[in-house]
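Chain by chain, the residues run as shown.
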Amino acid sequence: MGSSHYCDILVLFYCGTTGDNSSELLGSDESDLVVIVWQLLDLNQNQTGDIHYIYVKPSNDFCLRKEWQKETNITSQTLENAPVFQDAIHQFEETLRNELNDQGRTCSFTLCTDGQCHLRQVLMPASVWSDTTLPEFCYSFFDLKKEFRLCCNSMETDAMEIYNENYADTRTPDSVQDMLNYLNIDVESFGTFGVDHVRRMGAVIQVLVSERYGHVFNAPERIVARLDTGPCMTSELVRDDTVIRARGLPWQASDHDVARFFKGLNIPRGGAALVLNPQGRRNGEALVRFENEEQRDLALLRHKHHMGNRYIEVYRATGDDFLKVATGTSCEAIHFLSKEGDAIVRMRGLPFTATSNEIIEFFGSDIPVVHSEEGVLFVKHPDGRPTGDAFVLFASEKTALAALGKHKQTLGKRYVEIFKSTAAEVQQVLSRHMTTPIIPTMPAPVPLILPNNQQTLMSPHAQISPAYQQPITPGCIRNCIRLRGMPYSATVEDIMNFLGELSLYILPNGIHMVLNQQGRPSGDAFIQLCSPEKAGIAGLDVSKGGCHKKHMGERYVEVFQCSGDEMNIVLMGGTLNRNGMMPPPGMAIVPPEPVPTAGSITAIPAPTAPATSPFIVQTPHGTLLMQPPVVSQPGIPTLQTLDLIQAQTLLAAPRTAIYTQPTFLPYAQYLPTPPVSPSSANPIPATTPIANLTSPNSAAPAGTNPATGVGIQVRLQGMPYNAGVSDILTFLKGYNVNSNSIKLLYNDQLLPAGEALVTFASLEEAHRAVVERNRKLMGNRYVELLL
């Protein structure tokens, strides 16, 4: 053989339950484990040992079906006298190690099962129900089905014909009996439950490792033993086929409880996220991300399994659903979660004057808070007022459970509620309470009131000053529409064609393509029109002359009329549909102030920047340089002619403009995006040249430090281009780095360069980071650290 096996001995392992024991549905009915069967197989000598089995006593109220007893030849009396699960596991380990010692040599061993279910769906959940610690070797195994497929793919066709001439099915075998038929092997059956299955497994493996096939067992699968509670990185690609939604959780359940419910299935870092209701409290749901589609499918088989006395419903979900809950954009939350600590509790009802030291004294020396004052994170409103909530970091889950003993004890003059919390909950609460709207509230310019003798129709070829081309209506006026369900490849031209004649009434820079938190098109867009009447027409059903449910390509698109304020609310997590607007969790709708009438306002032209000034758009993945619309010159063809009509007070001439790209809005909570033409937004000051923006190929201006703070700088190279500050904080967790110490670098086109400068407090800390984190993965890329 060209390479050696991963281990010397395979332990062929089988679990049997009181329910369905087929390889695909084993453990899906939450039945009790009643038998453990195993046999040693020496890979080097291709020899098998004796077959052993242990019966396991089920739960106290077990009842065996007559059909099952007849099929397995196991009686109730046999199981009544069997050891409980914890004792059976101890007996299994002791017998296994004694037999290995009898080999007369030091041997490494790994379990081998027929499929995933024996360990992931039966043994691991049984250890949770009985509160039993499993041996270390139970967390790695070979899947015989996958090894057989791998061997079949590498075998030559003529060699296979020797064995499969009697196998009529041309598909790759999926069961042990199919494998035997495929290899034309006959194994005698003795009718003993579990034992015959292990004997058949041994016969298949002996053929696979023979000289004819020479298959090598060299890559076992791993089962993650504990949940990594760190924050999920926004740069990671979350596939839809790896996410589920669990519903019906107890209100006090934590992410560790969710991980225990799905024990045996690998959950990546930050992959268990509890969902909060509009009041900021848990709603009994969680979004869970698994390592791959196979394990997601196994999770779906745990539908209506129990957590305590409650059954949990499990449904499919999408990657976007998970990202909206599990990731956040609050730098304070990211900095807090980047510290070392395995457990978080949430305190509610704190006095508004409470300090970090008072909270540390509240828990006392017996329940230490890690990182002292930095282990306490207060939740505040955007204006800095405390909400009475705080998150506290502890070193272990055991310490956090001790902290729960302080529930409803008094701090100052108020009793405080204490709950188990999660990293996702920290992200959600901080994003909802401490952040400002994505689209900044911009004061509406005063309408231009012309004297009666000047309110005449202007020439269609007259040039209009840019100052009077920006009809910014108050935020409550519903002159906008939301397009939902567009193709992900939709462009500005597609939107123009979709709206038809209504596209003539789009305001300058009035098309806003919404991106998801992975920086990709979400299928949504917001369009600003010249008047509420035009927006109302667009929102009508297509059968009534509107655009609602009109097709764009092969998909029909929903159209909803909304206002600028409602655009803000949707982008912050609110819901807008035909039934109205629902604000995001934790937000109350404040009635808008009345809009002054035109007769009570004096015409004051708003100061504007030159039409050619560029402006900066902050996105979750870096800073983009946006160019304003280029006014076409006579004789130069334009992409689109827009007839712009001033809102009810001025009849303006049509103007033609070329829109090089739309505005992109992220579904995030703190990153502003200009919603209007750059002439009404704040452009880059004329005294700040574009060349002064940080670039990896240009030195910083004299007297400036590219990364805030005094210390030792380390350059990170090779990062994902969509990596942000939160990803770097997660990557450097435990190195005392905060968001102010990080500077993202951009190339000459002001696009992310995949590099950053990070300032460390000391040379020792910087050197430790370079030694320990160099060439480690950030998302799917290796990152180099240069000191």
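What comes next concerns the included structure. (Residues numbered from 1 in each chain as written. Predicted model: local features only at pLDDT ≥ 70, side-chain atom pairs only at ≥ 80, totals over all residues. Heavy atoms only, no water.)

### Comments concerning the sheet that holds strand E16 (residues 414-421)
Strand order in the open sheet formed by 5 strands is E13-E14-E12-E16-E15, and the pairing between neighbours is antiparallel. Each of the sheet's edge strands pairs with one partner strand only, and the pair in question is strand E13 (376-380) and strand E15 (409-411). The average undirected angle you get between the axes of adjacent strands in this sheet is 35°. When E15 meets E16, the two strands line up antiparallel, connected through 3 bridges. Following the sheet pairing, threonine 410 is matched in E16 by tyrosine 415. (Pairing = 2+ DSSP bridges. Helix = DSSP H or I, 4+ residues; strand = E, 2+ residues; numbered from the N terminus. Axes fitted to C-alpha atoms, helices over the stretch in contact; angles between N-to-C directions.)

### Some details on the nonpolar core
In this structure, Leu96, Leu123, Ile244 and Phe262 are the most contacted members of the largest nonpolar core, which totals 54 residues. Those residues within four positions of phenylalanine 262 in sequence are excluded, and the remaining contacts are Ile244, Ala246, Ile267, Val288, Phe290, Ala299, Arg302 and Val314. Among the nonpolar cores identified, the runner-up in size contains 37 residues, and Leu144, Met179, Val195 and Val204 belong to it. (Core = buried A, V, L, I, M, F, W, Y, C linked by side-chain atoms within 4.5 Å. Buried < 20%, exposed > 50% of the residue type's maximum accessible area, 1.4 Å probe, protein only. Contact = heavy atoms within 4.5 Å.)

### Looking at the pattern of salt bridges
By the definition in use, this model includes 24 salt bridges. Of the charged contacts, one joins glutamate 80 and lysine 57 as a salt bridge, the two residues approaching to 3.5 Å between their closest N and O atoms. Taken together, the residues glutamate 80 in helix H2 (residues 76-80) and lysine 57 in the loop between strand E3 (47-55) and helix H1 (66-72) connect sequence positions 23 residues apart. Salt-bridge contacts for glutamate 93 lead to arginine 97; the nearest nitrogen and oxygen are separated by 3.3 Å. Linking glutamate 93 with arginine 97, this pair stays in helix H3 (residues 85-101), spanning 4 residues, or about one helical turn. Overall, arginine 97 belongs to the partly exposed group, its relative accessible area being 37%. Overlapping salt bridges bring together Arg120, Lys146, Glu221 and Glu294 as one network. (Salt bridge = Lys/Arg side-chain N within 4 Å of Asp/Glu carboxyl O.)

### Notes on the pairing of strand E32 (residues 752-760)
Among the 9 residues that make up E32, 7 are buried, leaving the element largely enclosed by the rest of the structure. As judged from the 6 bridges shared by strand E30 (residues 712-717) and E32, these two strands associate in the antiparallel manner. When the sheet's bridge partners are listed, glutamine 713 is paired in E32 with threonine 759. In the sheet, strand E31 (residues 742-746) pairs with E32 via 4 bridges, with the strands oriented antiparallel. Its bridge partner lying in E32, isoleucine 742 is registered against valine 758.

### A word on helix H10 (residues 293-300)
Those residues of H10 that sit buried are Gln295, Arg296, Leu298, Ala299 and Leu300. For H10, the elements touching its buried residues are helix H4 (117-129), strand E7 (243-247) and strand E11 (310-316). Structurally, the start of H10 carries an N-cap: the backbone nitrogen of glutamate 294 is 3.3 Å from a side-chain oxygen of asparagine 292. (Polar contact = N/O pair within 3.5 Å; in protein donor to acceptor, adjacent residues only side chain to side chain.)

### Points about the state of the cysteines
Summed over the entire model, instances satisfying the criterion amount to 0 disulfides. Of all cysteine sulfurs, the one in cysteine 112 lies closest to cysteine 7, which takes part in no disulfide; the gap is 9.0 Å. Judged by its relative accessible area of 2%, cysteine 7 falls in the buried class. (Disulfide = S-S within 2.5 Å.)

### Regarding helix H8 (residues 195-208)
With 14 residues, H8 should reach 20 Å at 1.5 Å per residue; the first-to-last C-alpha distance of 20 Å fits that figure. Within H8, 11 of the 14 residues are buried, which leaves it mostly tucked inside the rest of the structure. Of all the positions in H8, only Val195, Asp196, His197, Val198, Met201, Gly202, Ala203, Val204, Ile205, Val207 and Leu208 are classed as buried. (Expected span 1.5 Å × (residues − 1).)

### Notes on the sheet that holds strand E4 (residues 109-113)
Taken in spatial order, the 6 strands make up an open sheet running E3-E2-E1-E4-E5-E6, and their pairing is mixed. Of all the strands in the sheet, just E3 and strand E6 (221-222) have a single pairing partner and so form its edges. Relative to E3, strand E2 (residues 33-42) runs antiparallel, the two sharing 7 bridges. By the bridge assignment, aspartate 42 is partnered in E3 with glutamine 47.

### Remarks on unusual backbone geometry
Residues apart from glycine generally show negative phi values, whereas peptide bonds are mostly found in trans. Located in the positive-phi region is lysine 408, a residue other than glycine, with phi close to 65°. Here lysine 408 shows up in the loop between helix H14 (397-403) and E15. With a relative accessible area of 49%, lysine 408 lands in the partly exposed category. Of note, asparagine 736 is a non-glycine position whose phi angle comes to about 55°, a positive value. Within the element layout of this structure, asparagine 736 appears in the loop between helix H19 (725-731) and E31.

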